[in-house]
Amino acid sequence: MNSLVDKYNIPGPRYTSYPTVPYWNEEGFTADLWKKSVIRSFSESNSEEGISIYIHLPFCEALCTFCACHKRITKQHSVEVPYLESVLKEWKLYLQLFDHKPKLKELHLGGGTPTFFSPENLRTLLQGIFDTVEIAEDQEFSFEGHPNNTTREHLQTLFDLGFTRVSFGVQDYDPKVQKAINRIQPFENVENVTNWAREIGYKGVSHDLIFGLPHQTWEAMEFTIRKTMELKPDRLAFYSYAHVPWVKGVGQRGFDENDLPSGDEKRRLYEDGKKLLEDLGYIEIGMDHFSLEHDDLYQSQIQKKLHRNFMGYTSSKTQLMVGLGMSAISDSWYAFAQNVKTVEEYQKLVEEGQIPVFRGHILDAEDLNIRKHILNLMCQLETSWNLQNSFPEIENSIEKLKEMESDGLVEISKNQIKITEKGRAFTRNVAMVFDLRMLRNKPETRIFSMTI
């Protein structure tokens, strides 16, 4: 395995979209084209499957130095109401594009720290949206909670509004690691919010763990996993730390690269962590998630309904996902669009009556085809595709697949590719073989985190 890590540990996308953001054709994108794609997607899909909404709530009271999300650090809670008013104004701009009331199937609050906002203000925001939609019978509402500031009132308020899933960012319980990433978070805080969620009636509690953090050792990782098992969350996100300090604003400056585990050490954290999780009853889902058998994520994988988007893996799919808030990304299936990245510009544009997108990508026929197959690989670990007849340019990449086959990472038949159990750790590498936009325009500088 060590030689494979050395061979395949290269910068690569996580494929929450295809094309990936650095390869969007921004010159061919306009706000008017984006609106047309939203209208098309809504008319094709809303009546049956409904739509998804992602709301980006960017404020945090302290900077976690492992985080690569778009956020605003402040302790001034006076920012809450003006920001939420802008989100509702943005939603009203989207409502103008629809010819009938949307059916809301999926809603996720992310950040930042959604629980930075008071329960009362979150209720006002959500009620403002719910008053304008029809809520699907099989709706899936979820949010990200910070164990240090999520209160029982937060959990109860959101549960009363239809939320049934919550994910808590744990990352690591080792004090040395927590200090390096500026995330001091006692186990007792995680235990409290997990127990409160279950007492209230949440059907799904998830914990996020990260491997590859500064000063992280296997002993620390094992301790974190075993402490997590005392609470037995329904699902786990077991993420690889993405070290991208060159990205403006991410704040990954609290440690030196020499403090990070080497490629081999990081792979051991994953391999041994995966084995321990499986020994404890968890099943690996897709690329970086685990769940117990009763969880919807596992059931979706069995039924081949697992989906992946900018929110990560989900147990259901909608064709249209509207992203609200500063830096939020939307997906109409035919196009992607991202909102402006500062709170001030976001609020200004919304106040002027503009949907606040600043860049995006209109997918062409080739993009749509490749997107489908990369999604298959990321979600089902296999895809069926006559490569030679589909894309002449990718013939040069067949040799790379054959090399991966000889390394035991994939199985190739006439029109099918399957990622093996051994190859799961290299799923991103397999997907990269199909990424024609990247193959045609390989980056001259590093723009992605390492795949391992």
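Details of the structure are given in the entry above.
About the thresholds
Residues numbered from 1 in each chain as written. Predicted model: local features only at pLDDT ≥ 70, side-chain atom pairs only at ≥ 80, totals over all residues. Heavy atoms only, no water. Axes fitted to C-alpha atoms, helices over the stretch in contact; angles between N-to-C directions. Helix = DSSP H or I, 4+ residues; strand = E, 2+ residues; numbered from the N terminus. Parallel < 35°, antiparallel > 145°, perpendicular 65-115°, else oblique. Left-handed = near helix turned anticlockwise from the far one by under 90°. Contact = heavy atoms within 4.5 Å. Nonpolar A, V, L, I, M, F, W, Y, C, P; charged D, E, K, R; others polar. Pairing = 2+ DSSP bridges.

Side note on the packing of helix α4 (residues 119–130) against helix α5 (residues 152–160)
Next up, step 1: Axis separation between α4 and α5 bottoms out at 9 Å; the angle between their running directions is 15°. By the angle class used here, α4 and α5 are roughly parallel. Taken as a pair, α4 and α5 cross one another with a handedness that is right-handed. Within the contact between the two elements, α4 uses Pro119, Leu122, Arg123 and Leu126 and α5 uses Glu153, His154, Thr157 and Leu158.
Next up, step 2: Its residues assigned to classes, the contact of α4 with α5 shows four nonpolar, two polar and two charged.

Points about the sheet that holds strand β18 (residues 410–412)
Next up, step 1: What the three strands build is an open sheet, ordered β17-β19-β18; its pairing is antiparallel. Either end of the sheet is taken by a strand with one partner, and the two such strands are β17 (382–384) and β18. Sheet twist, expressed as the average angle between the axes of neighbouring strands with direction ignored, equals 10°.
Next up, step 2: Pairing between β18 and strand β19 (residues 416–419): three bridges, direction antiparallel. Paired with Val410 across the bridge in β19 is Ile419.
Next up, step 3: Taken strand by strand, helix α12 (residues 365–380) contacts β17 and β19, and its axis lies near 145° from that of β17.

Quick word on the packing of helix α3 (residues 80–95) against helix α11 (residues 343–351)
Next up, step 1: Two numbers describe how α3 lies on α11: the axes approach to 9 Å, and their chain directions differ by 45°. On the basis of their axis angle, the class for α3 and α11 is oblique. Two packed elements cross with a definite hand, and for α3 against α11 that hand is left-handed. From α3, Pro82, Tyr83, Ser86, Val87, Lys89 and Glu90 reach across to α11, where they touch Val343, Tyr346, Gln347, Val350 and Glu351.
Next up, step 2: Of the residues in the contact of α3 with α11, the class split is six nonpolar, two polar and three charged.

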